[in-house]
Each structure stands twice: as C-alpha cells, then as structure tokens.
Amino acid sequence: MIFEIFLTILLVSLIIKATKRPWNFPPGPRGLPLVGYLPFFSSWDPQYPHEAMKKMSEVYGPVVGLFMGPSQTVISVCSHEAVKEALLNDDLNGRPYSAVALARAFGEKLGIMFVTGQFWQEQRRFTMRHLRDLGFGKTSIEDQMMGELGDLIKDIENKSQSDSERIVNFKGIFQVSVINILWAMIAGERFQRTDPKFQQLLTANELIFRSGNVVRGSIPIPAFVLKHFRFVRDFIGLKTELIEPIQKFIQETIEDHQHRNLTEEDADNFIDVYLKEMNKQKAENPSTNFTNKQLISTITDLFSAGAESTSGSIGFAIIHLIRDQQVQKKMQMELDQVCGEFFPTLNHRSSLPYTEAVLMEAQRCSSIAPLTVPHYAVKDTTIQGYTIPKDSVVMLNLDAVFKNPKYWNEPEVFRPERHLNEDGTKVIKNDHFYPFGLGKRLCLGESLARNTYFLFTAALIKKFRFEPVPNGPLPSLAPTNGFTLGYQGFKAVVTLRS
Ligand code: HEM
C-alpha cells in the first residue's frame, strides 16, 4: 500500500513537473513525464532538426521552449532578431556538457568548442593568437594553400583522364587538401593524399559528424545510462570507438614533437608553441590549464571543425555550379578577365565581386552549420522578452534566418546577384547573413575557412568545366544529416578549360 501511494505521488509530481513551465517561458509544445518532448520532436521533420524547428516556429513563434528528457529545457530560436540577440548575449555563451562533448575530451571539460568561462577564454585566446602568428588568415600561407590546390587539381585531372567519359567521383575529395593546410599549422607537416592512416582518420571524423544529431547530442544523459544502453548511445550519436583513434593519432604526433627536443626558435607550429607554454606554466604553476589532454582536445576540436566544414562548403558550391551552368560560365568569365592565365590569389579577391557573390550564395543556400554549435544559458536571462532559465540548451537556427522570405526574395532560389549592387560591381553585405556566427563564440577558423573556400573553389572553376553526367541525375543538394550538414557524394564530367 505504502509503495502504491509513493508510486502515485511520484507519478503525479512527474506529470506536474513535465507540464509545468517556468514563468514567462517561451511558448511551445508540452511533453510527457520523464521523456519530455523528445519522442515527438522529429514528428515535425523526421530528418533535419533545423527544419523541425522552423516548422515549430510557424506555430509557436520565433522563440520556442521545450523540455527534452525529464528536466532539460531546450530553446529553439528562428528569427534574425532573436538569433542575433542571443548570439550577442554573453549569458548564452555557454555550451552544454553533453555526453558527446565529454567523450571528445576524455570525459572532462576540455578543448575550446565545448568549454565555457575563463578556461574557454584563456584557451581560445591563446589558440587564436598563435594560429594567427602561424599564418591563419594571412597571405603568408597562400603558398602552402596553392601547393595543396596543385595536388588536388592533379588528382582531379588524373581521375578525369583515366575515365573515357571524363567522369570524376567527388566523394571526400576535398578533405585531405583542406586538412593538410590546417595540419601544417598545427603540426608542421602534411600528409600524402593516399596515406591510408590519414584516410582512416578522415573517414572516422566524417562518420562522427554524420552519425550525430545536434539536438539529441546536446542533451545531458547520465553516464550509467550511456554505459549500459547501446541504443541510447546510438540515438544521440555517441561514437567513442571513432573518437579514440583520432585522439591516439594526435597523442602520437605530440609525443613525436616532445622527443625532438626543439630549441625556442624551432617552434614554428602550434604543437611546439603549446608544449613550450605548457612547460613554462608547469614550472610556475603545477595546476595550470595547459596540459597534454587539453592540447589533444584542442587539436581534436580544430581537426573536426576544420575538416568537414570547409570541404563541405567547397563541395556544395561545386554542386550549385554544376546545376547552374549559366552561373558557372559567368564566374569563369570574370575569373579569366581578372586573373588572366594565372590562378586566382587572395589579392584578386576584391576585384572578383561575382565570384564572391557565388560563394556567399552557395553558403547561404546550403548553410552547413544550420544550428551553430549549441549554446547554453550560464545564468537566467532573456531572449525577445522571454525568460530563458539557467542551464537551458539554446539552438540558434541560422538556416531559418538565411531562408526567411522576409529578408530574402525567393530564398530557395540560387541567385548570386542578390549579394551585388545594381551594376554588379560591388558585394553588398547583408545583415541577415552570418554563416560563421556572431559575438564571442564566432567561428575560430573563420579567416582560414574564408580564404581556403575562396582559393579552392575559384581555382577549380577557373581550371575545369564541371558538367552533369549525361543521362544521370543532377548532383543532389539534399544535405546529409549530422552535427553539421554535408554534401552527398556526387559525380561530374570534368574537362580542362583551355
Ligand atoms: C566554411 C567553414 C566554416 C563554417 C561555416 C564554420 C561555422 C562555424 C559556426 C557557425 C560556429 C559556431 C558559432 C557559435 O556557436 O555561435 C563555429 C565554431 C567553431 N569553429 Fe567554425 N566554421 C568553419 C570552419 C572552421 C575551421 C576551418 C575551423 C578550424 C580551423 C573552425 C573552428 C571552429 C571552432 C574551434 C569553433 C568553436 C568556437 C568556440 O566555441 O569558441 N571552423 N564555426
């Protein structure tokens, strides 16, 4: 009898908790005890969480509040005004300490992407300062980029020539080049395109990104549940077995650097610079934040953020240009006029407004980080007047901003001209376009990503003509799902332009 009374009280209190919403909480659908709205979320869109959020916002408004699980508040934000306000609000600059985030960092709060507070500020500042010194966003690494580009072009040329119909398969082709540029700064070395170990790491990284789900992956779940229930691990996209080889590889690279006994002047890559700082700090303060594990976790963040996003952007841009031959020809004309027989360089960039507009439009249409990296309320705060309780996960929907007909005429249409002034001579900055985020959590790799995206896409389009495979389907723009959006593997007929 006592047990039954206890059970009834427990059930009633759970129902009350599940249906009771905090004061001034944003409107949104209600869920069930224990699971909240989790089982129903994907009924709005079974495939893409950002689309589900857009549909929900049509019913409940631009700021929606939900419970995912027994007590986790999740806020979905879909209008430019609300997204911008949230990105610029320092009280929302936290990150959820989800199982996925912890698994990437030995179960601790390490790295840059998923840490907060002073630790984050210190590590982000150090990393940005030194990556900048090592060439991030500077023309000094343009030679390195051009070298990688040369290899990529050779690879595409060989593939095209070895096929009687000049058909090239573009699956995973850009990742090696993109990561090699970053790896030169991180470790001072590069990989061969065909190195099987490196290929394995890139595949593991891609699988981590593709098997995840940004909403489910952000919900804190108790460790014992994760340990004992594989289906829960699969549900949230926790792939420890794929993360471990990446960490091991980074650890071995660091050990290799430690054994080299470098002098001060030799520190020309991030690992050496970090190790130098670590040794200095350890001598002064044994509990310093500069540790071996933190270095591994920072590199894991850079490696994973850098590999998928930039190569994904290049892939989507090429797909758009295969599908729209007129735009491809117009871009080629501009590149020929401005660069003559040479490859486009960063110095040409300001004289290539149409090319720039094409790149912006491809990023707008295929927003590869549609929900940014999830934010987290470190204090009670507000968005558009609604109360956002401390510890809420906040999903900021960039895709909803980039596709909103209020800001963009016919947002589903790929139209580079929308980023240009009337006579097409100048790029117009649009306040509703910020693919790298805004505020203090702004993408750490923005300048490197912008330069790589520009140099690679522009050079490939100048060098080759990309056409659809005859009698085959057009390359698909439907993204592959995951923590970011990726392009589907595609094939194209590739011929050298004379
Ligand atoms: C076209 C390519 C890229 C796009 C569109 C992109 C976009 C983004 C976005 C939207 C965020 C989240 C901002 C927020 O949470 O408010 C982010 C964060 C981040 N990105 Fe990128 N990114 C790109 C390339 C890169 C590259 C190449 C790197 C590394 C070299 C990188 C490293 C990071 C890191 C470390 C963060 C987390 C920053 C923090 O939490 O403080 N990204 N990126």
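Above this text sits the structure in question.
The following paragraphs examine the structure supplied in this document. Sequence order as written defines residue numbering, which begins from 1 separately in each chain. Two thresholds apply to this predicted model, a pLDDT of at least 70 for residue-level local features and 80 or more for giving and counting side-chain atom pairs, whereas whole-chain, interface and lining totals are computed over all residues.

1. A few points about the overall build of the protein chain
Looking only at helices and strands, one finds 18 helices and nine strands in the protein chain. Computed over the C-alpha atoms, the radius of gyration of the protein chain is 24 Å, within 12% of the 23 Å expected from 2.2 N^0.38 for a compact globule of 498 residues. For the C-alpha atoms alone, the extent of the protein chain along its principal axes is close to 85 × 60 × 40 Å. Counting other C-beta atoms within 10 Å of a residue's own tells you its class, since 20 or more makes it buried, 12 or fewer makes it exposed, and anything in between is partly exposed; those C-beta atoms are placed from the backbone. Expressed as a percentage of its 498 residues, the buried residues of the protein chain come to 43%. Counting only contacts in the protein chain whose residues sit at least 6 apart along the sequence, the fraction spanning at least 24 positions is 73%. Only DSSP runs of H or I with at least four residues qualify as helices, and only runs of E with at least two residues qualify as strands; both kinds are numbered from the N terminus onward. Here the globule rule reads 2.2 Å times residues to the power 0.38, and the radius of gyration is calculated from C-alpha atoms. Remark: residues whose backbone-derived C-beta atoms lie within 7 Å of one another are considered to be in contact.

2. Description of the sheet that holds strand β1 (residues 63-68)
Read across the open sheet, the four strands follow the order β1-β2-β7-β4; overall the sheet is mixed. If you trace the sheet from one side to the other, it starts and ends with β1 and β4 (375-376), each paired once. Summarising the sheet, strand β2 (residues 72-77) and strand β7 (residues 393-396) pair through four bridges and their orientation is parallel. Its bridge partner lying in β7, Ser 76 is registered against Met 395. Against the sheet, helix α4 (residues 80-87) engages β1, β2, β4 and β7, with an angle of about 130° to β7. When DSSP finds two or more bridges between two strands, those strands count as paired. For helices, the axis comes from a line fit to the C-alpha atoms of the stretch in contact; other axes are also lines fit to C-alpha atoms, and the angle between any two N-to-C directions lies between 0 and 180 degrees.

3. Observations concerning the site of the ligand
Only the C-beta atom matters for this test: placed from the backbone, it must lie within 6 Å of a molecule or strand for the residue to be near it. The full set close to the ligand counts 26 residues, and Ala 305, Ser 309, Gly 437, Cys 443 and Gly 445 are the nearest of them. Taken together, the elements giving at least two residues each to the shell around the ligand come down to α14 (292-323) and α18 (446-463). When residues in the shell around the ligand are grouped by element, the largest group, seven residues, is from α14.

4. Overview of the pairing of β7
Residues Val 393 and Met 395 of β7 are buried on one face, and the alternating residues Val 394 and Leu 396, pointing to the opposite face, are buried as well. When β4 meets β7, the two strands line up antiparallel, connected through two bridges. Bridge pairing links Tyr 376 to Val 393 in β7.

5. Comments concerning the sheet that holds strand β9 (residues 491-496)
Within a sheet, each strand pairs with its neighbour through backbone hydrogen bonds, oriented either parallel or antiparallel. Pairing in this open sheet of three strands is antiparallel, and the strands run β3-β9-β8 from one edge to the other. Edge strands, defined here as strands with exactly one partner in the open sheet, are β3 (167-169) and β8 (464-467). Looking at each pair of strands side by side, their axes are set apart by 40° on average, direction ignored. Sheet analysis places β8 next to β9, joined by four bridges and oriented antiparallel. Residue Phe 464 lies in a different strand from β9, and its bridge partner there is Leu 496.

6. So, helix α7 (residues 142-161)
Residue pairs spaced three or four apart in an α-helix point in one direction, given the helix's 3.6 residues per turn. Taking 1.5 Å per residue, 20 residues should reach 28 Å; α7 reaches 28 Å between its end C-alpha atoms and fits that length. Buried within α7 are the following residues: Met 145, Glu 148, Leu 149, Leu 152 and Ile 156. Looking down the long axis of α7, one finds its buried residues gathered within 100° of arc, a one-sided arrangement. Every exposed residue of α7 that faces more than 90 degrees away from the buried side is listed here: Asp 143, Lys 154 and Asn 158. Here a helix's expected span is defined as the number of its residues, less one, multiplied by 1.5 Å. To obtain the arc, one takes the directions from the helix axis to the C-beta atoms.

7. Some points on the packing of helix α15 (residues 325-339) against α18
It is at 9 Å that the axes of α15 and α18 come closest, and there the two elements cross at 95°. Overall, the two elements α15 and α18 adopt an arrangement that is roughly perpendicular. Listed contacts from α18 to Gln 328, Met 331, Gln 332, Leu 335 and Cys 339 of α15 are Ala 458, Ile 461 and Lys 462. Just so you know the grouping, Ala, Val, Leu, Ile, Met, Phe, Trp, Tyr, Cys and Pro go in nonpolar, Asp, Glu, Lys and Arg go in charged, and all remaining residues, Gly too, go in polar. Its residues assigned to classes, the contact of α15 with α18 shows five nonpolar, two polar and one charged. What sets the label is the angle itself: under 35 degrees gives roughly parallel, over 145 gives roughly antiparallel, 65 to 115 gives roughly perpendicular, and the rest give oblique.

8. Digging into α14
For α14, spanning 32 residues, the distance from its first C-alpha to its last is 47 Å, which sits close to the expected 46 Å at 1.5 Å a residue. Most of α14 sits inside the fold, with 29 of its 32 residues counted as buried.

9. Comments concerning the environment of Gly 306
Following the sequence through the fold, Gly 306 ends up in helix α14. Note on Gly 306: 24 C-beta atoms within 10 Å, which makes it buried. Placed 211 residues apart in sequence, Gly 306 and Arg 95 show a C-alpha to C-alpha distance of 19 Å.

10. A closer look at the environment of Val 214
Looking at where Val 214 falls in the secondary structure, it is placed in the loop between α9 (196-211) and α10 (223-228). Under the C-beta neighbour-count criterion, Val 214 is labelled buried, with 23 such atoms within 10 Å. When the C-alpha positions of Val 214 and Asn 481 are compared, they lie 9.4 Å apart, and in sequence the two are 267 residues distant. The contact partners of Val 214, leaving out residues within four places of it in the chain, are Pro 49, Leu 371, Pro 374 and Phe 483.

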